[in-house]
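Residue-level structural notes
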Amino acid sequence: MRAVLMAGGSGTRLRPLTCDLPKPMVPILNRPIAEHIINLLKRHNITEIITTLYYLPDVMRDYFQDGSEFGVQMTYAVEEEQPLGTAGCVKNIQLWLDDTFITMSGDAISDFNLQEAIAFHRKKKSKATLILTRVPNPVDFGVVITDQDGRINRFLEKPSLSEIFSDTVNTGTYILEPEVLDYLPENEESDFSNDLFPILLEKGEPMYGYVAEGYWCDIGHLEAYREAQYDGLEQKVKLDFPYREKSPGIWLGSNTYIDPSAMIESPVMIGDNCRIGARVKIEAGTVIGDNVTIGADANLKRPIIWNGATVGDEAHLRACTISRGTRMDRRSQALEGSVIGSLSIVGEEAQIAPGVRVWPSKRIEPGAILNINLIWGNTAQRNLFGQRGVTGLANIDITPEFVVKLGAAYGSTLKLGSTVIVSRDQRSVSRMVGRAIISGLMSTGINVQNLEATAIPIARTMMTTMIDVVGGIHIRLEPSRPDYLLIEFFDRQGISVSKSQEKKIEGAYFKEDIRRVSVQEIGSVSYPSGVLDTYSRAFARYINIAAVRSSSSKIVIDYVYAVAGAIFPQLLAKFGCDAVVLNASLQETSISNTQKEVLLDQLGQVVEALRANFGVQVSANGEQLILVDEAGLPIRGEALTALMVNTIFTANPRSTVVVPVNASSAVEEIARRHDGTVIRTKVNPTALMEASRDNPHVVLGGSSEMGFIFPELHPGFDAMFGIAKLIEMLTIQERSLADIRQDLPNIYHKSCSVRCPWKVKGSLMRHLLETHPKENLELIDGVKIINPQNDNWVLILPDAGEPLVHIYANSSDRFWVDEQLLQYRQRVQNFIDREQSY
């Protein structure tokens, strides 16, 4: 006898498991559903199998091939143009069916005695015998009503509650005589239950129902899929297990290592080549595929994990399904009923809420809580905006599709017909992203002034000089991560947009609240001229040009192959400055941090060889700088911040500077010498820019880490203006960098970082507040514990973008700094460990 395995279904109700896999190839106990069906047929001596295919046919053909490895003979028939339905696909192979045959659906698991059903069919001389089974609730199935002899007299396909006259349902397995196919039209879609069987009833053909004993599960939805796995493990259904039972209820594949400290509760299945880490807890009902790695301290409560998945340390999986090749990072969670599609990445401490489905090849950001299905797009994020704009891997996270929507979301928060400036660095990836974001803006009726490749300080200056501009966008590679793109949004004054504006953009993006305009309202793009001249005029207004021209200083500037190298040399030439230029040509590829260090070392050698007064390395598209003194030694970090503050206070006594809360107390000591004022802000660029703009008498803002602000020019970071200002001040003050360096206070400032889960950060801050006297606390950003008698302090600062807490210690006493740093690091770590143990 031949069997027809109907395996053409796409299994839409099993999505996302069937996005890249036909339904019969979805694994049950680490083997495809179709393989379990074939094993059932083989157990009943049915080895000639014709398989009808439609959706992703090559997947099944490549797996089973001719069937010889599975002890059967496989033949395939592909529905090329359109699906023909359950009966139509069998009609399509009628020429191959010249005797009694059995048809089986490719999406059900059973252990029926097929030979008994075949004997019943032959004894009754039936033309069509339907294998039936009894179920408690037949509402979701086709009910079949038979007489006492088993002859079918009525069908009810998925009846209402008032129509349930029987508990025997159609299992989708039929024993047929070939002549019944003559009732069906050729090359047309047709169904057994809706088309063929009603015809046979009407014609009076003998048609019987055989009520089979045994297990049957129609895997029509995700809950049924999980139940079939659990039933298989509990041996409620007779299935051929792919691995040996190493101990009662524990099936284990070959070459699998399980740490002795792991706890396993039967029944459990673990595939070939797996690695189970220390102290892993695996509860009954868990199914783990081949080539799976489970990290230390992971907790698995009945998950179904497919081949090639990786589960990180301390991850928690609860009755979920993790598809092929998916990575669950450290402390991530997938809760009851959730499904993660193949090749996805769930970031550290991210959580997938109960019942949520994630389509294949998606990325969930660290710390994100996903409570809606992720179907479109590539990434689920905690927020779009981080510490400084929108950032992500170039052309992976930050793709043209993503930024078109991001531009449209931003445009939707602005008035129709508004104008926005867009600028970028010189790289092709930034050009690509810039064009995409412009398209998104135009689609919402926003006009664009495209500055193309230019330095950020110039873009910020243009914001304040161009009429009717309401905002701006700048696209560049991240300064510290050359494979990441950074998209920054400015307000009409050139300052990074406020948190409330960021939330509006995120709301429009995530809620799909995008404005669509008519063809007549689509925005326009223009390319303003004279951009460099506009910046140059503003630049000249706030520089003592006479001092710069009369300076005998020789400086060396390393532009690190960035766009500032195409701009700043022209400005310096206008002001008659003697500058030696290094690496000013534009380079398409990004420069790594290691390469920057090599270039910085070379800069020091050139400064020393030329006996230059100082050198500067300009980075971050014209925003940041590192100085090199006449001896070729770099000045960076807290020393650079203190040097800039010292120089500016000498030039402007009794003025004000703005620095972040984590800057060293050398700033206050210098301010006291010059009767100056220090304003501390949160450790983010927007806070520094807003404070520099809003407070009177501010002459400098920023830090070595973010750059320096000269608010008289514009309230953004500007390394180019900073260099010119430094030349001016050193000339007027008749000092060298070495002189200023010697004059700086001896303050020791050190930091360290501790990994801290997102959900613990808040309770850690509260704990620090409760365990220190209020009068010793400063709460600008994080928790700063200060000593009122001196400038000693410790700052515990949660990271805005990573599951980290940073600890800073500051004092004139080196030993106090080391002691406090060690003490608070241990204190924070102990609190985190305690919170996680609950």
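Every value quoted in this text rests on a predicted model; they were computed, and no experiment measured them.

Within the chain, the regular secondary structure consists of 21 helices and 58 strands. Projecting the C-alpha coordinates of the chain onto the three principal axes gives extents of approximately 115 × 65 × 50 Å. Counting over 838 residues, the chain shows a buried share of 58%. A sequence separation of at least 24 residues applies to 58% of the contacts in the chain between residues at least 6 apart. Of the roughly 34,600 Å² of accessible surface on the chain, a fraction of 47% belongs to carbon and sulfur atoms.

Take the pattern of salt bridges next. A full pass over the atoms with the stated rule returns 39 salt bridges. Here Arg 481 makes a salt bridge to Glu 478, at a shortest N to O gap of 3.2 Å. On the accessibility criterion, Arg 481 (31% relative accessible area) is partly exposed. Classification of Glu 478 as buried rests on a relative accessible area of 12%. Here Arg 672 and Asp 791 are joined by a salt bridge, their closest N and O atoms 2.8 Å apart. Here Arg 672 is found in helix H16 (residues 666-673), whereas its partner Asp 791 is found in the loop between strand E56 (783-786) and strand E57 (793-798), with 119 residues between them in sequence. A single salt-bridge network, built from bridges that share partners, covers Glu 314, Arg 330, Arg 331, Glu 348, Glu 349 and Arg 755.

Attention now goes to the packing of helix H20 (residues 758-770) against helix H21 (residues 814-837). Where H20 meets H21, the axes come as close as 10 Å, and the angle between the chain directions of the two elements is 125°. One way to sum up the angle between H20 and H21 is to call them oblique. Like other packed secondary-structure pairs, H20 and H21 cross with a definite hand, here right-handed. Here H20 contributes Val 760, Ser 763, Leu 764 and His 767 to the contact with H21, which in turn contributes Val 828, Phe 831, Ile 832, Arg 834 and Glu 835. Looking at side-chain class alone, the contact of H20 with H21 contains five nonpolar, two polar and two charged residues.

Here we come to the sheet that holds strand E38 (residues 389-393). As summarised here, the arrangement of the seven strands in space is E37-E38-E42-E41-E39-E40-E43, forming an open sheet in which the pairing is mixed. Two strands lie at the open edges of the sheet, namely strand E37 (385-386) and strand E43 (525-526), each paired on one side alone. Here six bridges tie strand E39 (residues 419-424) to strand E41 (residues 469-477), and the two strands are oriented parallel to one another. Each bridged residue has a counterpart across the sheet, and for Thr 419 the counterpart in E41 is Val 469. Docked against the sheet, helix H9 (residues 456-465) engages E39, strand E40 (447-453), E41 and strand E42 (484-491), running at close to 20° with respect to E42.

The next point concerns the sheet that holds strand E32 (residues 351-352). A sheet is described by the order of its strands in space; here seven strands give the open sequence E17-E20-E23-E26-E29-E32-E35, paired in parallel fashion. Two strands lie at the open edges of the sheet, namely strand E17 (263-264) and strand E35 (369-370), each paired on one side alone. Taken together, the three bridges between strand E23 (residues 299-301) and strand E26 (residues 316-318) define a ladder with parallel strand orientation. Directly across from Leu 300, in E26, lies its bridge partner Leu 317.

The end-to-end C-alpha distance of H21 is 35 Å, a good match for the 34 Å that 24 residues give at a rise of 1.5 Å each. Those residues of H21 lying buried are Val 817, Gln 820, Leu 821, Tyr 824, Val 828, Phe 831 and Ile 832. Considering only its buried residues, H21 is in contact with strand E54 (748-755), H20, E56, E57 and strand E58 (804-811). Where H21 begins, the capping side chain belongs to Asp 813, and its oxygen is found 2.9 Å from the backbone nitrogen of Phe 815.

The biggest cluster of nonpolar side chains holds 66 residues, and the ones touching the most others in it are Phe 539, Phe 568, Phe 614, Leu 627 and Ile 723. A per-element tally of this core places helix H18 (residues 719-733) first, with nine residues. Setting aside residues no more than four positions away along its own chain, Leu 627 makes contact with Phe 614, Gly 615, Val 616, Leu 633, Pro 634, Ile 635, Leu 640, Leu 643, Leu 726 and Leu 737. With 63 residues, the next largest nonpolar core counts Ala 3, Phe 70, Trp 216 and Val 287 among its residues.

The next thing to look at is the state of the cysteines. If you walk through the whole model with that rule in mind, you get zero disulfides. Lacking any disulfide linkage, Cys 320 is separated from the closest cysteine sulfur, that of Cys 274, by 16 Å. For Cys 320, a relative accessible area of 0% corresponds to the buried category.

With that settled, consider the environment of Glu 35. Looking at where Glu 35 falls in the secondary structure, it is placed in helix H1 (residues 33-43). Placed 224 residues apart in sequence, Glu 35 and Asp 259 show a C-alpha to C-alpha distance of 31 Å.

The subject of this paragraph is the packing of aromatic side chains. We describe a pair of aromatic rings using the distance from one ring centre to the other and the angle between the two ring planes. This model, assessed by the stated rule, comprises 17 aromatic pairs. Ring centres 4.9 Å apart and planes at 85° place the aromatic pair Tyr 174 and Phe 197 in the edge-to-face group. You can see Tyr 174 sitting in strand E11 (residues 168-176) and its partner Phe 197 sitting in helix H5 (residues 192-203), a full 23 residues away along the chain. Look at Tyr 174 and you get buried, because its relative accessible area is 5%. With a centroid separation of 5.2 Å and an interplanar angle of 80°, the aromatic rings of Phe 539 and Phe 721 are classed as edge-to-face. Placement of Phe 539 in helix H11 (residues 531-541) and of Phe 721 in helix H18 is noted, with a sequence separation of 182 residues between them. Take Phe 539: its relative accessible area is 0%, and that puts it in the buried class. The rings of Tyr 535, Phe 539, Tyr 559, Phe 568, Phe 710 and Phe 721 are connected pair by pair, giving a single aromatic cluster.

So, about the pairing of strand E45 (residues 578-582). Direction of pairing for strand E44 (residues 554-558) relative to E45: parallel, over a ladder of five bridges. Within E45, the residue paired with Lys 554 across the bridge is Asp 578. Note that the unit made of E44, helix H13 (residues 568-574) and E45 has a crossover that is right-handed.

A few words now on H1. With respect to burial, H1 is a largely interior element, nine of its eleven residues being buried. Among the residues making up H1, those that are buried are Ile 33, Ala 34, Glu 35, His 36, Ile 37, Ile 38, Asn 39, Leu 40 and Leu 41.

What counts, and at which threshold
The residue numbers shown here count from 1 along each chain, following its written sequence. pLDDT decides what is reported in this predicted model: residues at 70 or higher carry local features, side-chain atom pairs at 80 or more are listed and counted, and totals for whole chains, interfaces and linings draw on all residues regardless. By convention in this description, side-chain values take in all heavy atoms of the structure and omit both hydrogens and water. A run of H or I in DSSP counts as a helix once it spans at least four residues, and a run of E counts as a strand once it spans at least two, with each numbered from the N terminus. Exposure classes here rest on a 1.4 Å probe applied to the protein chains alone. A residue is buried below 20% of its type maximum, exposed above 50%, and partly exposed in between. Whether two residues touch is decided by their heavy atoms; if any such pair falls within 4.5 Å, the residues are in contact. All accessibility values rest on the Shrake-Rupley procedure with a 1.4 Å probe; residue burial counts only the protein chains present in the view. Here a salt bridge means any side-chain nitrogen of Lys or Arg lying within 4 Å of a carboxyl oxygen belonging to Asp or Glu. Helix axes are fitted to C-alpha atoms over the stretch in contact, other axes to C-alpha atoms as well, and angles between N-to-C directions run from 0 to 180 degrees. Roughly parallel refers to an angle under 35 degrees, roughly antiparallel to one over 145, roughly perpendicular to one between 65 and 115, and oblique to any angle outside these ranges. Working rule for handedness: look at the near helix, and if it is turned counterclockwise from the far one by less than a right angle, call the crossing left-handed; if clockwise, right-handed. Any residue that is not Ala, Val, Leu, Ile, Met, Phe, Trp, Tyr, Cys, Pro, Asp, Glu, Lys or Arg is counted as polar, Gly included; the first ten are nonpolar and the last four charged. At least two DSSP bridges between two strands are needed for those strands to be called paired. Helices are assigned an expected span. That span is 1.5 Å times one less than the residue count. Nitrogen and oxygen atoms within 3.5 Å of one another constitute a polar contact, given that in protein one can donate a hydrogen and the other can accept it, and given that sequence-neighbouring residues count only through two side-chain atoms. As used in this record, nonpolar core signifies buried Ala, Val, Leu, Ile, Met, Phe, Trp, Tyr and Cys residues forming a set joined through side-chain atoms within 4.5 Å. Note on terminology: pairs of cysteine sulfur atoms within 2.5 Å are recorded as disulfides. Two aromatic rings from Phe, Tyr or Trp, using only the six-membered ring of Trp, form a pair when their centres are within 6.5 Å; if the ring planes differ by under 30 degrees the pair is stacked, by over 60 it is edge-to-face, and anything between is tilted. Handedness of a crossover is defined as follows: orient the strands so they point away from the viewer, and if the path from the first strand over the helix to the second runs clockwise, the crossover is right-handed.

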